[in-house]
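Here is what each chain is made of, one letter per residue.
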Amino acid sequence: MTRLSLIQVVAAIGLCVVAAVNAQQEDDILFPFGIGDASVTSILDVFSDVITPPMPVPFFGQSFSSLFTNTFQAVLLTDGAQSFVIYNYKEIRWGIAPDQREWAQVGYNAGYVTYHSVAGSLTDDIVNINERTNIGTRGRWLFHLSNSTIFDDEPPGINGCPDDAIIPAASTIPVPHSWVPPVFTDNSGQSVDVVFGCSATVSNECHQDGYGTFSVGDTKVMYNGTDASVNHNFCNFTVTITVVDLVCPTTFSVVADPGLTLTRVNWLEPDLTGWDETNLTSTAVSGGEFSIGKQRVTYHQWFGMYNLVLQCSLEFLVIGQCAPEVTEDAVLGTLFWPVTMAGLTAESIERCPLTTTNAGFPRATKNCSTAPPPQYFYWKEHVIQSCGEAMKTVTVEDIVDVDVTEGNAEEVAEFLVNQTSSNSSSSESDVEAISQILENIVSAGSGDPEVTDAVIETVSNVIMNAKETQDSPDSKSSSAIIQSVEAQVSLTLQQEGKVSIQQDTIHVEAVSIDPIDASNGFSFASVQQETAGSRSPQEGSLDGTEIKTFTNASEIPSDVVASIKLPANIMYLLRQAGNSTTSLQASFIVYADDTLFQTGVMEGSNGTNNVTTKVAGSIVSLAVEGVKLKNLTDPVVIDFKILPSVSREDDTIKCVFWEFGEESSFWSTEGCQLAEITDDKVSCDCDHATNFAILVDVKGQKLRDDGLSFTPALDLISQIGGALSVAALAITVVIYLSISKLRTGKSRQIFIHFCFSLLMLYIVFLAGIDNGRGSGGWCVLVGALIHYLSLTTLMWMAVEARNMYVSTVKVFPEDTPRYMIKAGLLAWGSPLIVLTATLAAATESYKHDDYCFISPGLAMYLGLLTPIALILLHNVITFILVMRSLLKVKEASRSEQMTKRLQNAVGISALMGLTWCFGFLAIEGATFAFQLLFCLFNSLQGVVVFVMFCARREEVRAAVAPYLKRICCCRVCQAPELHPDRSYDLPTSQTALGTSSINNDRNMKHSYTALRRTERFT
């Protein structure tokens, strides 16, 4: 739009004057009619400096000369195609003409014929014309004129548009609803065309006049008003029909206190669905007192303005109880009757003995009968019941189905103690039955200390019996036993406030303390008794230890067997759990070993990498009454004493807890971590409380990928090889002892002792290492014999190595008087000293779960492996010196020389036991390979000895030949043909002499050495 010239501005002023004159002639003031604010910004920017002079205008109903005059400013704008008028109004003073009955009409007079009224004409709003605007500036109005026609851009006005309505309904049937229709007005004064519509309903259910019938859900009601200038305005609102319902609690029962006919009953208020605000009334309130019998309470929910009422009723039954009673019977004596509901039959606390056919049945019964009000209930006379016939013997299987109550819980528990005593063996089926009976005892709910003592003693007996029989309980039974112990201790703790029980394999300590005393780290600790002195407790036993409590963790001694410290925030945990008691009740249980945890395998471990895991030391358990210790921010701190046999390497020790499962249980590290490890203690931090232990890695047999072990194959090789060696050594010993020529000579006597010791080792190994398991003293005897014979065999190997060294290496041999007596004392006596010391220090080390032999530990390292290592080191050095000397002997041909040297090496290795070195090489990844070599060579050592020093030796075959002829009897037996010129063994004395005689005196030293070298074979 271009800027207008001065002539155009003057023309605009003239038009304004004309408009004023017209108004004077009509006795009306026709104010301009605004149509909108299109292009307002650009127009004001162009003409903001154009202001016309003020012009007096008479007021409505007054003449032009009236004292009341008003002025306004007007600007007419045009570019030849579009025309605009801007009016600026200041304060307008109004007066009322005597003959005026309504407010003035304000608008635009188009040629004195057509009036275009502005919004608010003929209403109170016209008074504020100077306060309103159509372009955003108070008192300013912009109008667009075209061919004397005013364009209307202002939409119709709406008065009384209804709000959204939410209406409750008791069902899905359509609900009627009415409203006041909105009123549309237009600034032109003309009527507005209104279009009506409803969504989600049919047209004849919703009417423009303000009524309709609505279905469940949301219905949108729409009014669309359109004026003559096609300006639109809308009135929309939503009618929501929601189904509401009042739901009362289900029928329930309340048991009154024993002997009372009134009780307080509490219930939850009904649930109002589909509506937020409640307006409930009821015939009774929750928490009131009600008499015994069936009661009914009715609730109403009122929706006053919607003419709707919902109703529901709840019913409950108040049941009376006969109070506990004591009666006397001439036959049965005193009978105790428990609290019993009206209408039921009570059973006496006293039960039939376990030695009767009706064991566990009540000795008498008594009815708690109902009666009319106000009595409601009463006791009838008791009736004696039969206990049946007496039984001669009773087994644990007979007691599994016996009903256990507070009346016979102690009798049943004592029966288990007798059945599981040390002089009674328990089979796997017995242990399963015992676990079920223990669960029955716990279910009886008896916190009697005598019952708990018997339960703990029973469990201790089960553990000791399992050790003796080497038959650990299955996972399900052992888990049931562990949980029964914890539950029974809890019952007694709640009843008595304290529990303290000590058995050989299980200790229990439970206390009730002020929670304030636990703020500094209340702890349980298993410590050595003062009377035990410096004697350490034996592995698998708690003898010599006791449990003590400490209110301050700093008071715990450093040499504890095991200890547990409660979380530092235990008081906060008690409050968080809603425990309002004034005492903290906690229990601590210590198991001597993992007998009841044997079937558990550590989660995520399959025994690969040649490492298995075992529990090192005791297992401890912690429980706090009324608090579930789980996901703790302050951890439970557990300390364990490290056994001497446990490695201190961090990666071999794991802190674990016993995870109970439905089918099986296992060790898990979840929530537990290794906090600290010292020379004698392991500290663990766990974020929960249960049964804790430490697991250590034990070097053992590697598993295949499918989880199977090579142990059965190695066992089979050992058994077959050992049997063959027994036969071969027996023949060798018989031959050497039967033929006098073979018994002479120091070397042959040493050889006979060696063969005899090795033969006895094989026999004891095959007969006792597996068969002696679980037999107590017999297992110790077998393990001790294997230990002793292993050392004696190696000692005779050392004597043989020493003799071989003197014979083949030393130039001037020693002539020790009574050499065989001294050698015998050394070889048979020194191992006996080592064995005696080991047995005195660690007898329990010979009782293993899987075999009868000394267990890995300090006793094995000092009493077995160290002597063997020293002997083998001596023999290896001797083997090198002897072989170096024998390599100097020249044979007729190179092939014969190589054959002879190989034979010499094999024979001497067998005599010196060098193949035992494979046992020390069975480490890390090469374990299986060296275990296989160890089994093969050592189980067949007797066979090698027989072949090398009996079957292949010419002199032995020559000595045996006459006896073979006698055995053949009628048949012709071909005796072995002797070949004096062929050597089958180490060089003979004649060969050595011949070799040395052709040398000059300068070689005399070497000839004499060769002669001494072969002395043992002459």
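The structure this text deals with has already been given above.
One structure accompanies this document, and this report is about it. (Residues numbered from 1 in each chain as written. Predicted model: local features only at pLDDT ≥ 70, side-chain atom pairs only at ≥ 80, totals over all residues. Heavy atoms only, no water.)

1. Quick word on the overall build of the chain
So, step 1. Looking only at helices and strands, the chain features 21 helices and 47 strands.
So, step 2. Here the chain holds 1018 residues, and 45% of them are scored as buried.
So, step 3. Residue pairs at least 24 apart in sequence account for 68% of intrachain contacts in the chain once pairs closer than 6 positions are excluded.
So, step 4. Taken as a whole, the chain presents about 51600 Å² of accessible surface, with 55% of it coming from carbon and sulfur. (Helix = DSSP H or I, 4+ residues; strand = E, 2+ residues; numbered from the N terminus. Buried < 20%, exposed > 50% of the residue type's maximum accessible area, 1.4 Å probe, protein only. Contact = heavy atoms within 4.5 Å. Areas by Shrake-Rupley, 256 points an atom, 1.4 Å probe, with all protein chains shown as cover.)

2. Brief notes about the environment of Leu 354
So, step 1. Within the secondary structure, Leu 354 sits in the loop between β30 (344-347) and β31 (364-370).
So, step 2. With a relative accessible area of 5%, Leu 354 lands in the buried category.
So, step 3. Considered as a pair, Leu 354 and Met 391 are 37 residues apart in the sequence and their alpha carbons are 8.5 Å apart.

3. What about unusual backbone geometry?
So, step 1. In this structure, Pro 374 follows Pro 373 across a cis peptide bond, with omega equal to 5°.
So, step 2. Relative to the helices and strands, Pro 374 is located in the loop between β31 and β32 (377-379).
So, step 3. Located in the positive-phi region is Val 230, a residue other than glycine, with phi close to 60°.
So, step 4. Looking at where Val 230 falls in the secondary structure, it is placed in the loop between β16 (217-226) and β17 (232-243).

4. Remarks on the state of the cysteines
So, step 1. Applying the stated criterion across every chain yields a total of seven disulfides.
So, step 2. Each disulfide pairs two cysteine sulfurs, and for Cys 672 the partner residue is Cys 686, the sulfurs being separated by 2.1 Å. Measuring the twist about the S-S bond at about 120°, one finds the Cys 672-Cys 686 disulfide to be right-handed. Here Cys 672, found in strand β45 (residues 672-677), pairs with Cys 686, found in strand β46 (residues 681-686); they are 14 residues apart in sequence, far enough to count as distant. (Disulfide = S-S within 2.5 Å.)

5. What to know about the sheet that holds β16
Backbone hydrogen bonds are what pair the strands of a sheet, in a parallel or an antiparallel way.
So, step 1. The strand order across the open sheet built from four strands is β10-β17-β16-β13, with neighbouring strands paired in mixed fashion. Among the strands making up the open sheet, the edge pair consists of β10 (165-169) and β13 (193-198). Between one strand axis and the next, the sheet turns by 15° as a mean value, whatever way the strands run.
So, step 2. For β13 and β16, the ladder comprises six bridges, and the chain directions are antiparallel. Each bridged residue has a counterpart across the sheet, and for Phe 196 the counterpart in β16 is Tyr 223. (Pairing = 2+ DSSP bridges. Axes fitted to C-alpha atoms, helices over the stretch in contact; angles between N-to-C directions.)

6. Description of the sheet that holds strand β15 (residues 211-214)
So, step 1. Strand order across the open sheet formed by three strands is β11-β15-β14, with antiparallel pairing between neighbours. Only two strands of the sheet have a single partner each, and these edge strands are β11 (175-178) and β14 (206-207).
So, step 2. Pairing of β11 with β15 involves four bridges; the strand directions are antiparallel. Residue pairing across strands places Val 175 opposite Phe 214, the latter belonging to β15.

7. Side note on the pattern of salt bridges
So, step 1. Scanning the model with the defined rule gives 10 salt bridges in all.
So, step 2. One salt bridge connects Glu 315 with Lys 294, and the closest N-O pair in it is separated by 3.6 Å. With Glu 315 in strand β25 (residues 308-319) and Lys 294 in strand β24 (residues 293-303), this pair connects stretches of sequence that are 21 residues apart.
So, step 3. The salt bridge partner of Glu 325 is Lys 366, with a shortest N-O separation of 2.3 Å. Note that Glu 325 is positioned in strand β27 (residues 325-329) and Lys 366 in strand β31, a separation of 41 residues in sequence.
So, step 4. Using a relative accessible area of 28% as the deciding quantity, one classes Glu 325 as partly exposed.
So, step 5. Connected through shared salt-bridge partners, Lys 294, Arg 296 and Glu 315 make up one network. (Salt bridge = Lys/Arg side-chain N within 4 Å of Asp/Glu carboxyl O.)

8. Details of the packing of aromatic side chains
So, step 1. What the rule picks out here adds up to 18 aromatic pairs.
So, step 2. With centroids separated by 6.1 Å and ring planes inclined at 65°, the aromatic side chains of Trp 796 and Trp 828 adopt a geometry described as edge-to-face. Note that Trp 796 is positioned in helix α12 (residues 777-808) and Trp 828 in helix α13 (residues 819-841), a separation of 32 residues in sequence.
So, step 3. Assessed through its relative accessible area of 22%, Trp 828 is described here as partly exposed.
So, step 4. Here the aromatic cluster, defined as three or more aromatic residues joined through ring pairs, consists of Phe 252, Trp 267, Phe 290 and Phe 316.
So, step 5. One cation-aromatic arrangement involves Lys 746 over Tyr 819; the distance from NZ or CZ to the ring centre is 4.3 Å. (Phe/Tyr/Trp six-rings, centres within 6.5 Å; stacked < 30°, edge-to-face > 60°. Lys NZ or Arg CZ within 6 Å of the ring centre and 35° of its normal.)

9. Focus on a nonpolar patch on the surface
So, step 1. A surface patch of nonpolar side chains, amounting to about 220 Å² of accessible area, comprises Val 255, Met 341 and Leu 344.
So, step 2. Inspection of the secondary structure assignment puts Met 341 in strand β29 (residues 340-341).
So, step 3. Taking the relative accessible area as the measure of exposure, Met 341 reaches 31% and is therefore partly exposed. (Patch = residues over 30% accessible without salt bridge, like charges linked within 9 Å, V, L, I, M, F, W, Y side chains within 5 Å.)

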